[in-house]
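In case you want the letters, here they are:
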Amino acid sequence: MTLSRGSHYLAIPGPSVMPDEVLREMHRPAPNIYTGELHEIVDSIIPDLKQVAQTSGQVAVYICNGHGAWEAATTNLFSRGDRVLGLCTGRFTHGWADMVAPFGLQVERLDFGRRAAIDLDAVEAALAADTGHDIKAIWAVHVDTATSVRNDIPGLRKLLDRLGHPALLVIDAVASLGVDEFRMDEWGVDVTITASQKGLMTPPGLGFVYFSEKAAAAREQADLVSGYWDWKPRVSAEAFYQYFCGTAPTHHLYGLRKALNLMMDEGMERIWKRHDALAGAVWAAVDGWGAAGPLELNIADPAIRSRGVTSIRAGKENGTRLRDWVGAHAGVTLGIGLGMETEADPASDGFFRIGHMGYVNAQMVMGALGAIDTGLKATGIPHGPGALEAASRVLSKA
Ligand SMILES: *Cc1c(COP(=O)(O)O)cnc(C)c1O
């Protein structure tokens, strides 16, 4: 007997669930790349992508994942030897800084640990010490997908403005765009980086770099600009092949067009509110389980939590035991612990993550929580009662 037959829910923070409409849209023969519908799709997705990030700046689209978009932003902004302040709140700014090491940037890392957001006072001290304005950019994540912390991006802009520091504000919003409230122009973000497989509900394979006029000016000075990643021809293409520096990602574009239709129909404010409510249900459930047992939200303060991914401390080995059970017996794949290694727990087995981003609704989240509740009982991991009751109460009030 198995309880896992039926629709499988990949409840991880990317790739997220892809709507059937998106997948159906992609199921078609190769389209004409010379003229017609595909060209209209490219023209029409640009304004919608800008709407998603709340910007009137430019957006370049790449055939790549988030790592590729990191490289795209890096090569357009910097020259060998440039100083950058990397703000680390988990795994992802470290990942970027490690990846760009061959470019010879001087990345100074401020590490805020695995359970806290960026401390603006520490950033202020680092910027104030830079009296010569050598630091070219601040690089930070909006949401760190490993720790599930959400950083105060408008706070960083206010700090730069107050100090009169000219550094560019570069934000990795791969895990938050189309999930958490994000307002690129209002928040004074110069570069926003994202990818297709999280809030945008499209298979992995497209990367996006949004940039302001100030960032466009930095591109004119950068000596790392390369043929493929150069964002300039991609936003001012005179011939269609220049949009993607070669063959267009035909089927991804059809899928993305459909995903953006879904997003525009719902509206950004309502998308953010839906994620707020669903995240609240997840937090209530984890608090309920944690009332009697080892489970605990990695981020204690709700004001700095992601609304699309929740990282949970489960006690030694319990994360992996629980994930294995719900994956094998309940039709839900939970996210692994990421970047939480310690000497006592070298594989982050004491952690798991729940992805609740993109195309998710109340029954999916309640289903995942119900599967976890069942898994806790089946594996004998101690937990408090009433977690599902607490979650459904949150959603009933939304
Ligand atoms: C997923 C993610 C990335 C990397 O994306 P890939 O597509 O796996 O390269 C980068 N930053 C953040 C915050 C992410 O969540």
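Residues numbered from 1 in each chain as written. Predicted model: local features only at pLDDT ≥ 70, side-chain atom pairs only at ≥ 80, totals over all residues. Heavy atoms only, no water.

Draft legend 1. Structural detail: the overall build of the protein. Along the backbone of the protein there are 13 helices and 14 strands. For 398 residues, the compact-globule estimate of 2.2 N^0.38 gives 21 Å, and the protein sits close to it at 21 Å. For the protein, the spread of C-alpha atoms along the three principal axes comes to 60 × 55 × 35 Å. Here the protein holds 398 residues, and the buried ones make up 57% of them. Taking the intrachain contacts of the protein between residues at least 6 apart in sequence as the baseline, contacts between residues at least 24 apart amount to 73%. Accessible area of the protein: about 15,900 Å², with a carbon and sulfur share of 52%. (Helix = DSSP H or I, 4+ residues; strand = E, 2+ residues; numbered from the N terminus. Rg over C-alpha atoms; globule rule 2.2 N^0.38 Å. Buried < 20%, exposed > 50% of the residue type's maximum accessible area, 1.4 Å probe, protein only. Contact = heavy atoms within 4.5 Å. Areas by Shrake-Rupley, 256 points an atom, 1.4 Å probe, with all protein chains shown as cover.)

Draft legend 2. Quick look at the UniProt feature "domain: Aminotransferase class V" (unreviewed entry) in the protein. The UniProt record annotates "domain: Aminotransferase class V" (unreviewed entry) at residues 96–285. Across residues 96–285, the secondary structure splits into 38% helix and 17% strand, with the terminal C-alpha atoms separated by 33 Å. (UniProt positions renumbered as here; feature names shortened; annotations may be inferred.)

Draft legend 3. Looking closely at the sheet that holds strand 11 (residues 296–297). The strand order across the open sheet built from 5 strands is 1-13-14-12-11, with neighbouring strands paired in mixed fashion. Single-partner strands in this sheet number two, and they are strand 1 (9–11) and strand 11. Bridge count for strand 12 (residues 309–313) against strand 14 (residues 351–355) is 5 bridges, and the pairing is antiparallel. Bridged to arginine 313 within strand 14 is phenylalanine 351. Taken strand by strand, helix 11 (residues 318–329) contacts strand 13 (332–336) and strand 14, and its axis lies near 155° from that of strand 13. (Pairing = 2+ DSSP bridges. Axes fitted to C-alpha atoms, helices over the stretch in contact; angles between N-to-C directions.)

Draft legend 4. How the structure looks around the pattern of salt bridges. As enumerated under the stated definition, the model contains 25 salt bridges in all. Where glutamate 124 meets arginine 162, a salt bridge forms, and the shortest distance between an N and an O atom there is 3.2 Å. Taken together, the residues glutamate 124 in helix 5 (residues 120–129) and arginine 162 in helix 6 (residues 153–163) connect sequence positions 38 residues apart. For glutamate 124, a relative accessible area of 23% corresponds to the partly exposed category. For arginine 162, a relative accessible area of 58% translates into the label exposed. As a salt-bridge pair, glutamate 269 and arginine 183 come within 3.3 Å of each other at their nearest N and O atoms. Pair noted here: glutamate 269 is in helix 10 (residues 268–290) and arginine 183 is in the loop between strand 8 (168–172) and strand 9 (191–195), with a separation of 86 residues, a long-range link. Each of Arg83, Glu108, Asp130 and Asp134 takes part in one network of salt bridges that share partners. (Salt bridge = Lys/Arg side-chain N within 4 Å of Asp/Glu carboxyl O.)

Draft legend 5. Highlighting the nonpolar core. Counting residues in hydrophobic clusters, the biggest one holds 53 residues, and the most contacted among them are Leu49, Leu85, Leu87, Val123, Phe208 and Tyr210. A total of 8 residues in this core trace back to one element, the largest contributor, which is helix 2 (residues 37–53). Composition of this core by domain shows at least three residues from each of domain 1 (21–265) and domain 2 (267–397). In this structure, leucine 87 is in contact with Thr93, Leu110, Phe112, Ile118, Val123, Ile138, Trp139, Ala140 and Leu156, ignoring residues within four places of it in sequence. In this structure, Ala277, Leu297, Leu322 and Ile372 belong to the second largest nonpolar core, which totals 34 residues. (Core = buried A, V, L, I, M, F, W, Y, C linked by side-chain atoms within 4.5 Å. Domains from an automatic or database assignment.)

Draft legend 6. Structural view of the packing of helix 3 (residues 66–77) against helix 4 (residues 92–99). Look at helix 3 against helix 4: their axes get within 10 Å of each other, and the N-to-C directions meet at 60°. One element, helix 3, and the other, helix 4, form an angle in the oblique class. For the crossing formed where helix 3 meets helix 4, the hand is right-handed. Of helix 4, the residues touching helix 3 (which contributes His67, Trp70, Glu71 and Thr74) are Phe92, Gly95, Trp96 and Met99. When the residues that make up the contact of helix 3 with helix 4 are grouped by side-chain class, the tally is 4 nonpolar, 3 polar and 1 charged. (Parallel < 35°, antiparallel > 145°, perpendicular 65-115°, else oblique. Left-handed = near helix turned anticlockwise from the far one by under 90°. Nonpolar A, V, L, I, M, F, W, Y, C, P; charged D, E, K, R; others polar.)

Draft legend 7. Just the state of the cysteines, in detail. Inspection of the entire model under this criterion finds 0 disulfides. Its sulfur unpaired, cysteine 64 is 12 Å from the next cysteine sulfur, which belongs to cysteine 245. Relative accessible area serves as the criterion here: at 10%, cysteine 64 is assigned to the buried category. (Disulfide = S-S within 2.5 Å.)

Draft legend 8. Fine view of the domain arrangement of the protein. You can read the domains of the protein as domain 1 (21–265) and domain 2 (267–397). When each unit is reduced to the centre of its C-alpha atoms, the spacing between domain 1 and domain 2 is 28 Å. Listed by partner, the interface residues are 31 residues for domain 1 and 31 residues for domain 2. Between domain 1 and domain 2, roughly 2,500 Å² of surface is buried when both sides are summed, and carbon and sulfur atoms account for 54% of that area. For domain 1, the biggest contributors to the area lost against domain 2 are Arg114, Arg115 and Arg150; these three give 27% of the whole. Where domain 1 touches domain 2, the interface holds 3 salt bridges. Here domain 1 is connected to domain 2 by 20 residue pairs in polar contact (both at pLDDT 80 or more). If you tally residues by element for the side of domain 1 that touches domain 2, the top one is helix 9 (residues 250–266), at 4 residues. (Buried area = accessible area lost by both parts, 1.4 Å probe. Polar contact = N/O pair within 3.5 Å; in protein donor to acceptor, adjacent residues only side chain to side chain.)

Draft legend 9. Focus on the environment of valine 191. Along the polypeptide, valine 191 turns up in strand 9. The buried category is assigned to valine 191, whose relative accessible area is 0%. With sequence-adjacent residues up to four places away left out, valine 191 is seen in contact with Ala73, Leu77, Leu169, Val170, Ile171, Met184, Val209, Tyr210, Phe211, Ala215 and Trp231.

Draft legend 10. Region of the structure containing the environment of lysine 50. Within the secondary structure layout, lysine 50 lies in helix 2. Look at lysine 50 and you get buried, because its relative accessible area is 19%. Measuring from C-alpha to C-alpha, the distance between lysine 50 and tyrosine 210 comes to 8.2 Å, with 160 residues separating the pair along the chain. Engagement of the side chain of lysine 50 in a polar contact is seen with the backbone oxygen of glycine 57, the distance being 3.1 Å.

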